[in-house]
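# Fold and geometry: a report
Single-letter residue listing:
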Amino acid sequence: QVQLVESGGGLVQPGGSLRLSCVASGTIFNLSVMGWHRQTPGKQRELVAVIRGGSSTTYSDYVKGRFTISRGKNTVTLQMNSLKPEDTAVYYCNALSLAQGDFWGQGTQVTVSS
């Protein structure tokens, strides 16, 4: 099984920056896609950004130009700049292994408020 542990969430003022990190551990067979999703109360979880093994990326229109996703072999990082109050959410790390399935972290709270 694969375990995902996120870190880096917190409280930041509008216009500020945060950096989220996620580390995958356990028995891992090629994480083909890693990414971040977010969820606010009463809403469905939504994609923020994903990065594939070949380093191609996809961003939500809401974060394009402000967030940057990057990865190592079993790590993924989300650099969040120019944060807005509407970015407030629980952010979840996600990893897909074609051999093992789909895995999720426990989530980390990001709050953007003055």
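The shown structure was predicted, so the numbers you read here are calculated from the model rather than taken from an experiment.

### Some details on the nonpolar core
Within the largest apolar cluster, 28 residues are counted, with the highest numbers of intra-cluster contacts made by Trp36, Leu78, Met80 and Tyr91. Broken down by secondary-structure element, the contributors of at least two residues to this core are strand E1 (2-7), strand E3 (18-26), strand E4 (31-39), strand E5 (46-52), strand E7 (67-71), strand E8 (75-80), strand E9 (89-97) and strand E11 (108-112). Not counting chain neighbours up to four residues away, the residues in contact with methionine 80 comprise Gly16, Ser17, Leu18, Leu20, Arg66, Phe67, Tyr91 and Val110.

### Digging into the layout of surface pockets
Of the voids in this model, the largest pocket is the one considered here, and its volume is about 230 Å³. Residue lining of the largest pocket: Arg38, Gln39, Thr40, Lys43, Gln44, Glu46, Tyr62, Arg66, Glu86, Asp87, Thr88 and Ala89, and that is the complete set. Classifying every residue of the lining of the largest pocket by side-chain character gives two nonpolar, four polar and six charged.

### Description of the state of the cysteines
All chains considered together, the criterion is met by one disulfide. Here cysteine 22 pairs with cysteine 93 through a disulfide, and the sulfurs are 2.0 Å apart. With the S-S bond torsion at -80°, the cross-link from cysteine 22 to cysteine 93 turns out left-handed. One end of the pair, cysteine 22, is in strand E3; the other, cysteine 93, is in strand E9, with 71 residues separating them in the sequence. You'll find cysteine 22 and cysteine 93 in the same group, each marked buried.

### Observations concerning unusual backbone geometry
Phi at asparagine 30 is positive, roughly 50°, even though this residue is not glycine. Along the polypeptide, asparagine 30 turns up in the loop between E3 and E4. Asparagine 30 sits in the exposed class, given a relative accessible area of 61%.

### What about the sheet that holds E1?
Where strands meet in a sheet, backbone hydrogen bonds hold them as pairs that are either parallel or antiparallel. Sheet architecture is open: four strands sit in the order E1-E3-E8-E7, paired in antiparallel fashion. Each edge of the sheet is formed by a strand with only one pairing partner; in this case those strands are E1 and E7. In this sheet, neighbouring strand axes are inclined to one another by 15° on average, regardless of whether the strands run parallel or antiparallel. Alignment of E7 against E8, held across five bridges, turns out to be antiparallel. Counted as the bridge partner of arginine 71 is valine 76 from E8.

### Describing the side chain of threonine 77
Here threonine 77 is to be found in strand E8. Taking the relative accessible area as the measure of exposure, threonine 77 reaches 13% and is therefore buried. Other than its neighbours up to four places away in sequence, threonine 77 contacts Arg19, Leu20, Ser21, Trp36, Thr68, Ile69 and Ser70.

### Structural notes on the pattern of salt bridges
Applying the stated criterion to the full structure yields four salt bridges. Measuring nitrogen to oxygen at the nearest pair gives 3.0 Å for the salt bridge that ties aspartate 87 to arginine 38. One end of the pair, aspartate 87, is in the loop between E8 and E9; the other, arginine 38, is in strand E4, with 49 residues separating them in the sequence. On the accessibility criterion, aspartate 87 (1% relative accessible area) is buried. Relative accessible area serves as the criterion here: at 6%, arginine 38 is assigned to the buried category. Taken together, the salt bridges that share partners define one network made up of Arg38, Glu46, Arg66 and Asp87.

About the cut-offs
- Residues numbered from 1 in each chain as written.
- Predicted model: local features only at pLDDT ≥ 70, side-chain atom pairs only at ≥ 80, totals over all residues.
- Heavy atoms only, no water.
- Core = buried A, V, L, I, M, F, W, Y, C linked by side-chain atoms within 4.5 Å.
- Buried < 20%, exposed > 50% of the residue type's maximum accessible area, 1.4 Å probe, protein only.
- Helix = DSSP H or I, 4+ residues; strand = E, 2+ residues; numbered from the N terminus.
- Contact = heavy atoms within 4.5 Å.
- 1 Å grid on protein atoms, 1.4 Å probe; cavity = no way out; pocket = protein on both sides within 12 Å on 5 of 7 lines; lining within 4 Å.
- Points joined across faces, edges and corners; volume = space filled by probe spheres on them.
- Nonpolar A, V, L, I, M, F, W, Y, C, P; charged D, E, K, R; others polar.
- Disulfide = S-S within 2.5 Å.
- Pairing = 2+ DSSP bridges.
- Axes fitted to C-alpha atoms, helices over the stretch in contact; angles between N-to-C directions.
- Salt bridge = Lys/Arg side-chain N within 4 Å of Asp/Glu carboxyl O.

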